[in-house]
Amino acid sequence: MNRPGRRRFVAGLAGAMALPVVSRAAGAQIDSLDPMVWVFTKGVPVQKGRVKLELPVLADNGNSVPLTVTVDSPMSATEYVKSIHLFSEKNPVRDMARFYLGPRGGRAKVVTRVRLAGTQTVTAIAALSDGSFWSDSAHVQVTLSACMDES
Amino acid sequence: MSARIRIVPARAKRGEVVEVSILIQHDMETGYRRDDEGRVIPRDCINLLTCRYNGVEVFRADLSSGISANPYLQFYTVAQATGELEFSWIDDLSVQGSARASIAVSE
Amino acid sequence: MKGGGASLLIAALLAAWAYGAAGQERRIPTGELRSGIAFASPEVRAMQADEFSNPGMLWVEKGEKLWSTPAGGRSCADCHGEAGTSMKGAATRYPAIDRASGQLLNLEGRIRQCRSERQGAAAPRYESEELLALTAYVAHQSRGMPIEVAIDGAVRPHFEAGRAFFYRRIGQVNLSCANCHEQNWGRTLLSETITQGHPNAYPIYRIEWQTLGSVEHRLRGCLSAVRAEILPYGAPEYRDLELFLAWRAKGLPVETPGVRR
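Enquirer: I would appreciate a short explanation of the overall build of chain C in the present structure.
Expert: Scanning chain C for helices and strands turns up 11 helices and 7 strands. Relative to the 2.2 N^0.38 estimate, which gives 18 Å for 261 residues, the radius of gyration of chain C is 20 Å and therefore close to what a compact globule would have. For chain C, the spread of C-alpha atoms along the three principal axes comes to 75 × 45 × 35 Å. Looking at chain C as a whole, 42% of its 261 residues are labelled buried. Looking at chain C alone, contacts between residues at least 24 apart form 72% of all its contacts between residues at least 6 apart.

Shown next, in the form of structure tokens:
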């Protein structure tokens, strides 16, 4: 009587096929002319790599989606992450957040919970102390409530 | 504004990387919702959050409505000296909040 | 059918009806009883399990402060001392009949009554920060303990009323609670998995609400979903239904503050 939910099915299938259940880079290239990118990089090319943006493949509710962004960096006095820019493809406010780290950071990893207005791709761009920019993207399916709660 | 801070480990060795987490009670009102009478509920989100370790900024965040209500943030910092991590933040209505937690650092 | 066969059939039917009424067997077998958290995504489960970042804990902490704050001249602590001791197990027994007034009270109702009758303070509004925080704090003291409400004695008519409500089709959509939560739990509705509809984690941080809310708030959400009239806060129907739901959830551990989608 109790059929497994879709999530468990997807997770099981993913496990069987060794697919990630956490959304990772969709392989899409960063558009340097995207205002969200330009305002951060001022045209300096953004390279893929060193940044790992983790979001669930399927989000129950767009109001709160856990997000982790990690940058491969020694975080030393001379080589560190200056900031991480998080932006959205579809949110009304595309500029989601900017995290400013620095040489005292120890580890370039930030965890938070974000709002996603529907299924979309989220992108993180990291600005390193040497002036380079690196990025990663993740695609999230955001589902809606089955029942309208207008209480 | 209620907030909880967690530092792991709360007692660290100098040079050790510690994990810092904060959870703040705040609606992070997007400005896109309407009340029962159909009026827009004005936007009110925490837009800036700073963490100072013994007075020196070690983490800063520009936030927006894209961050969930009751914002949760976790980051890292290097244990330098015994003292305090002080968080301060401000929202779109210019309401300020702050919270602090102690860190004990041994050589 | 032969006469003997017919009377045997009638006897069997009568026995089944009698057992159903007096034996109070729940429709979901105990072995299949599942808290709502069992149907949640890994992310929601992680959010509830993380003692620090579970957003509901913000209200539990607030409740802890309110517990020792005088209201009307007296704090909860003045009578009840340490909540960790005095309130342990309290949430597992509500809703219950208040002996003095004969009323059926849930935890929120008991707190409101304490405020107005024993502390000489204003009873906090339903869904107010104060009431949510105190309810979350008190219920949190029973975390992990199994729900065990009484349904016999003075409380019986409330139980029957609650049960009748649960099985009654309502609203434009003409659905009863049972249609989803008893006949179709575990199945997917759009993209959600239907739960069994238990009240063991309340007050909950519901991501849809982006805040903490009571059982009553959640029931109103269901009434809205089936396009039924949303009864006002404090309506006796909610209380009776909550009692029935608690009986139905007997044995499930309190999870307050729960996190749900």
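Enquirer: I keep staring at the overall build of chain B and nothing clicks. Help me out?
Expert: Assigned secondary structure in chain B consists of 0 helices and 8 strands. Listed N to C, the secondary structure of chain B is β-β-β-β-β-β-β-β in terms of helices and strands. Oriented by its inertia axes, the alpha-carbon framework of chain B measures out at about 60 × 20 × 20 Å. When the 107 residues of chain B are sorted by exposure, 36% land in the buried category. Here the contacts in chain B between residues at least 6 apart in sequence split such that 56% fall between residues at least 24 apart.

Enquirer: I'm lost on the pairing of strand β5 (residues 65-71) of chain A in this one. Help?
Expert: The side chains of a regular strand alternate between both faces of the sheet. Residue and element names in this part refer to chain A. Within β5, 6 of the 7 residues are buried, which leaves it mostly tucked inside the rest of the structure. Here strand β3 (residues 51-56) pairs with β5 via 4 bridges, running antiparallel. Paired with Lys52 across the strands is Thr70, a residue of β5. Relative to strand β8 (residues 109-114), β5 runs antiparallel, the two sharing 6 bridges. Within β8, the residue paired with Thr68 across the bridge is Val111.

Enquirer: Help me out: how do you make sense of the confidence of the model for chain C in this one?
Expert: Interpreting fine coordinate detail is not advised for predicted regions of low pLDDT. Residue and element names in this part refer to chain C. Across chain C, the average pLDDT comes to 93, with 91% of residues at or above 70. Of the regions scoring below 50 in pLDDT, residues 15-23 engages in 1 contact with residues more than four places distant in sequence or in other chains. Of the two predicted TM-score estimates for the complex, the pTM is 0.90 and the ipTM is 0.97.

Enquirer: I keep staring at the pairing of strand β5 (residues 56-62) of chain B and nothing clicks. Help me out?
Expert: Here strand β7 (residues 95-100) of chain A pairs with β5 of chain B via 3 bridges, running antiparallel. When the bridges of β5 of chain B are listed, Phe99 of chain A appears paired with Ala61 of chain B. Across 6 bridges, the pairing between strand β4 (residues 46-53) of chain B and β5 of chain B is antiparallel. Looking at β5 of chain B, one finds that Leu48 of chain B is bridged to Asp62 of chain B.

Enquirer: Would you mind going over the interface of chain B and chain A with me for this structure?
Expert: A common way to express how large an interface is: the accessible area buried when the components associate. Taken together, the contact between chain B and chain A spans 21 residues of the former and 25 residues of the latter. Those elements that provide at least two residues to the side of chain B that touches chain A are β5 and β6 (72-78) of chain B. Looking at the side of chain B that touches chain A, the element that brings in the most residues is β6 of chain B, giving 7 residues. Classifying every residue of the side of chain B that touches chain A by side-chain character gives 13 nonpolar, 6 polar and 2 charged.

Enquirer: Whenever I open this one, the interface of chain C and chain A confuses me. Can you help?
Expert: Across the boundary between the two partners, chain C contributes 22 residues, which contact 20 residues of chain A. If you list the elements that add at least two residues to the side of chain C that touches chain A, you get α2 (42-49), β3 (188-189), β4 (192-193) and α10 (215-225) of chain C. Among the elements that line the side of chain C that touches chain A, the one with the most residues is α10 of chain C, at 5 residues. The residue makeup of the side of chain C that touches chain A, split by class, is 7 nonpolar, 9 polar and 6 charged.

Enquirer: Just checking my understanding: could you explain the environment of Asn184 of chain C for this structure?
Expert: Residue and element names in this part refer to chain C. Within the element layout of this structure, Asn184 appears in the loop between α9 (177-181) and β3. Judged by C-beta crowding, with 14 C-beta atoms within 10 Å, Asn184 ranks as partly exposed. Along the chain, Asn184 and Tyr233 lie 49 residues apart, while their C-alpha atoms are 28 Å from each other. Excluding residues that lie within four positions of it along the chain, Asn184 makes contacts with Asn179 and Ile194.

Enquirer: What is the right way to read the sheet that holds strand β7 (residues 258-260) of chain C from this model?
Expert: Strand pairing in a sheet takes place through backbone hydrogen bonds and is either antiparallel or parallel in direction. All names here are of chain C. On the basis of which strands lie adjacent, the open sheet formed by 3 strands has the order β6-β5-β7 and mixed pairing. Each edge of the sheet is formed by a strand with only one pairing partner; in this case those strands are β6 (211-213) and β7. Put simply, the sheet's adjacent strands are angled 35° from each other on average, direction ignored.

Enquirer: Help me understand the packing of helix α6 (residues 107-118) of chain C against helix α7 (residues 129-140) of chain C, please; the structure alone is not making it clear to me.
Expert: The geometry of a pair of packed helices is captured by two quantities: the angle between their axes and the separation between those axes. Residue and element names in this part refer to chain C. Two numbers describe how α6 lies on α7: the axes approach to 10 Å, and their chain directions differ by 115°. Here α7 runs roughly perpendicular to α6, going by the angle between their axes. With respect to the hand of their crossing, α6 and α7 are arranged in right-handed fashion. For the pair α6 and α7, the contacting residues are Leu107, Glu108, Ile111 and Arg112 in the first and Leu131, Leu134, Thr135, Val138 and Ala139 in the second.

Enquirer: Could you clarify how one ought to interpret the nonpolar core in this entry?
Expert: The tendency in soluble globular proteins is for nonpolar side chains to be buried side by side. In this structure, Ile84 and Ala126 of chain A are the most contacted members of the largest nonpolar core, which totals 115 residues. The leading source of residues in this core is α7 of chain C, at 8 residues. Those residues in contact with Ile84 of chain A that sit more than four places away from it in its chain are Val69, Val71, Arg98, Phe99, Val110, Ala124 and Ala126 of chain A.

Enquirer: I keep staring at α2 of chain C and nothing clicks. Help me out?
Expert: Each full turn of the α-helix corresponds to 3.6 residues, which orients residues three or four apart in the same direction. Taken residue by residue, α2 of chain C has Glu43, Val44, Met47 and Gln48 of chain C as its buried positions. The arc that holds every buried residue of α2 of chain C, seen down its axis, measures 135°, which confines them to one face.

Enquirer: Sorry if this is basic, but what is going on with unusual backbone geometry here?
Expert: Leave glycine aside and you will find that most residues have negative phi; peptide bonds, for their part, are mostly trans. Cis geometry is adopted by the peptide bond preceding Pro9 of chain B, which originates at Val8 of chain B and carries an omega value of -5°. Mapped onto the fold, Pro9 of chain B is located in the loop between β1 (3-8) and β2 (11-13). The omega torsion across Thr256 of chain C and Pro257 of chain C is 0°, close enough to zero to call that bond cis. Position of Pro257 of chain C relative to the elements: it lies in the loop between α11 (236-248) and β7. Despite not being glycine, Arg50 of chain A shows a phi value in the positive range, around 60°. Structurally, the position occupied by Arg50 of chain A is in the loop between β2 (46-48) and β3. The class for Arg50 of chain A is partly exposed, based on 18 C-beta atoms found within 10 Å.

The rules behind each value
- Residues numbered from 1 in each chain as written.
- Chains lettered and ligands numbered in written order.
- Predicted model: local features only at pLDDT ≥ 70, side-chain atom pairs only at ≥ 80, totals over all residues.
- Helix = DSSP H or I, 4+ residues; strand = E, 2+ residues; numbered from the N terminus.
- Rg over C-alpha atoms; globule rule 2.2 N^0.38 Å.
- Buried ≥ 20, exposed ≤ 12 C-beta atoms within 10 Å, placed from the backbone.
- Contact = placed C-beta atoms within 7 Å.
- Pairing = 2+ DSSP bridges.
- pLDDT = per-residue confidence, 0-100.
- Nonpolar A, V, L, I, M, F, W, Y, C, P; charged D, E, K, R; others polar.
- Axes fitted to C-alpha atoms, helices over the stretch in contact; angles between N-to-C directions.
- Parallel < 35°, antiparallel > 145°, perpendicular 65-115°, else oblique.
- Left-handed = near helix turned anticlockwise from the far one by under 90°.
- Core = buried A, V, L, I, M, F, W, Y, C linked by C-beta atoms within 7 Å.
- Arc of directions from axis to C-beta.

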